[in-house]
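One letter stands for each residue in the lines below.
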Amino acid sequence: LKPHAIPVWNLFNRVINAAGNLKVHYKFVLRCLLKNPSSVPCMILMGHNCHMSGTTKLALGEYLRAYREVPRDPLVNLLVAVGYLSHVMSRRCQDRHTSALRAFTFFFQYAALRRWSQETIYNLARAFHQLSLLSFAQPCYEHVLRMGPPSAVGAEQDLKREAAYNLSLIYRASGSPELARNLLITYCSI
């Protein structure tokens, strides 16, 4: 197995997701990472395994190791941001404010690396929404709705429906069911 070949690891990931027995594959990835400590795909998969098993601090540690290797990779920045966000949401987080600031630092780096695409603004809105920072999430969702569809991709990757639905939840929770209904009719009706 080539420890630095991303297509090989993508195929491996598809196979283990189809197989289902993650513990056996976890041990394989761990052995590969021990043999090749600079393999970013191994670090990312180990982070995913840790994240799925509920150890967000270990997952974050693996993602940060990957970040040290490739700091300009948008995916790695997104993973670190989500790792910090998961840590903020856990009961064991000692300093939520600092962790949240770190999460958004990586979210903004990710967005800048992806040139503030519809996807990045939607992900930023979801992060704000998850932390109940609704006054920050609302303008991000509205910005996604104003943006054109992503270039060179089909309608299945246009995030306007998801943004409209999430924005409708915010409107409904704030006591504006008519605004929520209008959004759903405009963007989510067939």
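That block above? That's the structure.
Computed from a prediction, not measured in an experiment: that's the story for all the values here.

Undergrad: Where do I start with a positive patch on the surface in this structure?
TA: Taken together, Lys23, Lys27, Arg31 and Lys35 make up a surface patch of like positive charges. Tracing the chain through its elements places Lys27 in helix H2 (residues 22-35). Assessed through its relative accessible area of 52%, Lys27 is described here as exposed.

Undergrad: Help me out: how do you make sense of the state of the cysteines in this one?
TA: In a disulfide, the sulfur atoms of two cysteines are held together by a covalent bond. Scanning the entire structure with this criterion turns up 0 disulfides. You can see Cys93 has no disulfide; the closest cysteine sulfur is in Cys50, sitting 18 Å from it.

Undergrad: What should I look at first to understand a nonpolar patch on the surface in this one?
TA: A contiguous nonpolar patch, built from Tyr26, Leu30 and Leu34 and spanning about 270 Å² of accessible area, is present on the exposed surface. The partly exposed category is assigned to Tyr26, whose relative accessible area is 31%.

Undergrad: Please clarify how helix H3 (residues 40-52) should be interpreted in this entry.
TA: An α-helix turns once every 3.6 residues. As a result, residues three or four positions apart point the same way. Here H3 contains 13 residues, and its C-alpha end-to-end distance of 18 Å stays within 8% of the 18 Å for a straight helix at 1.5 Å per residue. Of all the 13 residues making up H3, 10 are buried; the element is thus mostly covered by neighbouring parts of the structure. Trailing H3 by a residue or two, Gly54 shows a phi angle of about 95°, which is positive.

Calculation rules
Residues numbered from 1 in each chain as written. Predicted model: local features only at pLDDT ≥ 70, side-chain atom pairs only at ≥ 80, totals over all residues. Heavy atoms only, no water. Patch = residues over 30% accessible without salt bridge, like charges linked within 9 Å, V, L, I, M, F, W, Y side chains within 5 Å. Areas by Shrake-Rupley, 256 points an atom, 1.4 Å probe, with all protein chains shown as cover. Salt bridge = Lys/Arg side-chain N within 4 Å of Asp/Glu carboxyl O. Lys, Arg positive; Asp, Glu negative; His and termini not counted. Charge placed at Lys NZ, Arg CZ, Asp CG, Glu CD. Helix = DSSP H or I, 4+ residues; strand = E, 2+ residues; numbered from the N terminus. Buried < 20%, exposed > 50% of the residue type's maximum accessible area, 1.4 Å probe, protein only. Disulfide = S-S within 2.5 Å. Expected span 1.5 Å × (residues − 1).

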